[in-house]
Amino acid sequence: MFSITAHIHHHAPPSTSFKPPKPLYVSALIIPPSSSSTSSQSQKQQQLYQPFRRPAPPLPSRYRSLDTNEKIEILASRSGSWFDYAPLIPLLVQEGFISTTIEELTGIPSVEQNRLVVAAQVRDSLIESALEEIVSFFDSPGSPEILYEIRILNTPQRAAAARFIISNEFEGKQSAELAKSMKDFSRRYGDRGWECFDADLPGDCLAFMYYRQAQEYKSTSSPELSKSSLEKALKVVESDRAREKVMDDLLGRSKGTSDTDLTDSVRVPIIRMAYGEVADSSIVVVFPLCRAEMRELEVEDAPWECGMGGEFGVVEAEKGWRRWVVLPGWAPVADLEKGGVAVAFPKARGILPWRSKERDVDEEILVVADRSRKGVEQDEQFYLVVSSGNGEGMKVERGAKLKEMGVKISLGTVVLVVRPPREELNEQSAIEDWE
């Protein structure tokens, strides 16, 4: 993969006669460079495209004069501190080794190699922005797992996250949740309660993630899970304003016009996806995807049940289907095992009963419905129905309006509306945006 052949040498030929390199135990794994003597050929080769390779981190002075075998021996014996020998890995890659070969020679798995290198880079960034005692805390052998998780943050965020991790004695999994909540916080602008949490406080970001989960559990009538999420938020929240917001929800207190009443009445969360959110999710769900313009034909014909089976989590469905969509395992859809279906609408205009006219009504949306609950029972619940107009496909309608029209059976109960990801910060649709 990284080997260099005689036909793509990018360096000027040596002025002295070629001397064989010092014999190495692993010389058979590296193809040495050519010693071409033709200057014109060298000039042409220097013009060839060279892929970017990140410069290797600085090495401790005692490691700078090592030959290849010595580098391998140090890695194999884990000699010294982890952040001292971690930079040896990219140096071996530059010499032509691939991760699997390094694993065979040193016993360090490929995944751990990547974790060590990235963690060392994160630690270097902390040296520039954090106190010495914070950096020294991550000298222990178990630190790479924690530092690797905060790689997605910028330098100031890493320093703040490191302090919070130390104060709360977080492990790898908890650190991953913290980093994700800090990265995701700004994207949630406009979510219910967002303005009460402080983006500069790691604890507030994590508490807001738990707070959002509590709202999702509440929307699916899971009060115990909602309470548990709020209690977790209360343990990590830092600012007084955010703590008061969490306590209000935990104790059932409402202020002003009642966000609580609205939350209890409308049971359809609206979520804007973030880029890479599916890849970062530990649990995902798969639904057959239908086109709104096909009206009830595709919704009724779509596979009723699908799931993952076998050691590799292969998706299995009762029958073939042309289009599928993968979503993060959000609470409203995580337990939807049978009857779930996603419907793609090219525009939200005329489909969702927005209260505000300034929403992004021209963007594409996905509506996830539960076909096992077709009966129109609750006035404040939303249902997927065939539009009354000719050729208009489907739309989402409130139960009260359907009852006025005499409609008793729908295509399914709406459990979630998904909006597409965006780079810029946009307001999230909150509960009170529904008419």
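Structure first, text after, so check above.
Computed from a predicted model, the values in this text were never measured in an experiment. (Residues numbered from 1 in each chain as written. Predicted model: local features only at pLDDT ≥ 70, side-chain atom pairs only at ≥ 80, totals over all residues. Heavy atoms only, no water.)

**Student:** Can you walk me through the overall build of the protein in this structure?
**Tutor:** Scanning the protein from terminus to terminus reveals 18 helices and 10 strands. Across the 435 residues in the protein, those meeting the buried criterion constitute 45%. Here the analysis covers contacts within the protein between residues at least 6 apart in sequence; of these, 70% occur between residues at least 24 apart. Summed over all atoms, the accessible surface of the protein reaches about 23,600 Å², with 51% contributed by carbon and sulfur. (Helix = DSSP H or I, 4+ residues; strand = E, 2+ residues; numbered from the N terminus. Buried < 20%, exposed > 50% of the residue type's maximum accessible area, 1.4 Å probe, protein only. Contact = heavy atoms within 4.5 Å. Areas by Shrake-Rupley, 256 points an atom, 1.4 Å probe, with all protein chains shown as cover.)

**Student:** Hey, could you run me through empty space enclosed by the protein in this one?
**Tutor:** Gaps between atoms show up when a probe of the same size as a water molecule is rolled over them. Tallied over the full model, the rule gives 2 cavities of 30 Å³ or more. In this structure, the second largest cavity encloses a volume near 50 Å³. Ser181, Asp184, Phe185, Arg188, Cys205, Phe208, Met209 and Arg212 together form the lining of the second largest cavity. Listed by contribution, the elements that provide at least two residues to the lining of the second largest cavity are helix H10 (172–185) and helix H11 (202–219). With 4 residues, H11 is the largest single contributor of residues to the lining of the second largest cavity. Tallied by class, residues from the lining of the second largest cavity come to 4 nonpolar, 1 polar and 3 charged. (1 Å grid on protein atoms, 1.4 Å probe; cavity = no way out; pocket = protein on both sides within 12 Å on 5 of 7 lines; lining within 4 Å. Points joined across faces, edges and corners; volume = space filled by probe spheres on them. Nonpolar A, V, L, I, M, F, W, Y, C, P; charged D, E, K, R; others polar.)

**Student:** Help me understand the packing of helix H12 (residues 223–236) against helix H13 (residues 240–250) in this model?
**Tutor:** Two quantities define a packed helix pair, namely the angle between the axes and the distance from one axis to the other. Between H12 and H13, the shortest axis-to-axis distance is 10 Å and the interhelical angle comes to 155°. Here H12 lies roughly antiparallel to H13, going by the angle between them. By crossing handedness, the relation of H12 to H13 is classed as left-handed. Listed contacts from H13 to Lys227, Leu230, Glu231, Ala233 and Leu234 of H12 are Arg243, Val246, Met247, Asp249 and Leu250. Split by residue class, the contact of H12 with H13 holds 6 nonpolar, no polar and 4 charged. (Axes fitted to C-alpha atoms, helices over the stretch in contact; angles between N-to-C directions. Parallel < 35°, antiparallel > 145°, perpendicular 65-115°, else oblique. Left-handed = near helix turned anticlockwise from the far one by under 90°.)

**Student:** When you look at the pairing of strand E4 (residues 314–317) in this model, what are you seeing that I'm missing?
**Tutor:** Looking down a regular strand, the side chains alternate between one sheet face and the other. In terms of strand pairing, strand E3 (residues 306–309) meets E4 through 4 bridges, oriented antiparallel. Following the sheet pairing, glycine 309 is matched in E4 by valine 314. (Pairing = 2+ DSSP bridges.)

**Student:** Where do I start with a negative patch on the surface in this structure?
**Tutor:** Together, Glu305, Glu318, Asp335 and Glu337 make up a region of like negative charge exposed at the surface. In this fold, aspartate 335 is placed in the loop between helix H17 (331–334) and strand E6 (340–345). Of the residues examined, aspartate 335 reaches a relative accessible area of 67% and is grouped as exposed. (Patch = residues over 30% accessible without salt bridge, like charges linked within 9 Å, V, L, I, M, F, W, Y side chains within 5 Å. Salt bridge = Lys/Arg side-chain N within 4 Å of Asp/Glu carboxyl O. Lys, Arg positive; Asp, Glu negative; His and termini not counted. Charge placed at Lys NZ, Arg CZ, Asp CG, Glu CD.)

**Student:** Explain unusual backbone geometry to me, please; I cannot follow it from the model alone.
**Tutor:** For residues that are not glycine, phi is negative in most cases, and the peptide bond is trans in most cases. With phi around 50°, arginine 78 is a residue other than glycine that occupies positive phi space. Along the chain, arginine 78 falls in the loop between helix H2 (68–77) and helix H3 (82–85). Residue arginine 78 is classed as partly exposed on the basis of its relative accessible area, which comes to 32%. One non-glycine residue with positive phi stands out, namely glutamate 169, at about 55°. Residue glutamate 169 is classed as exposed on the basis of its relative accessible area of 64%.

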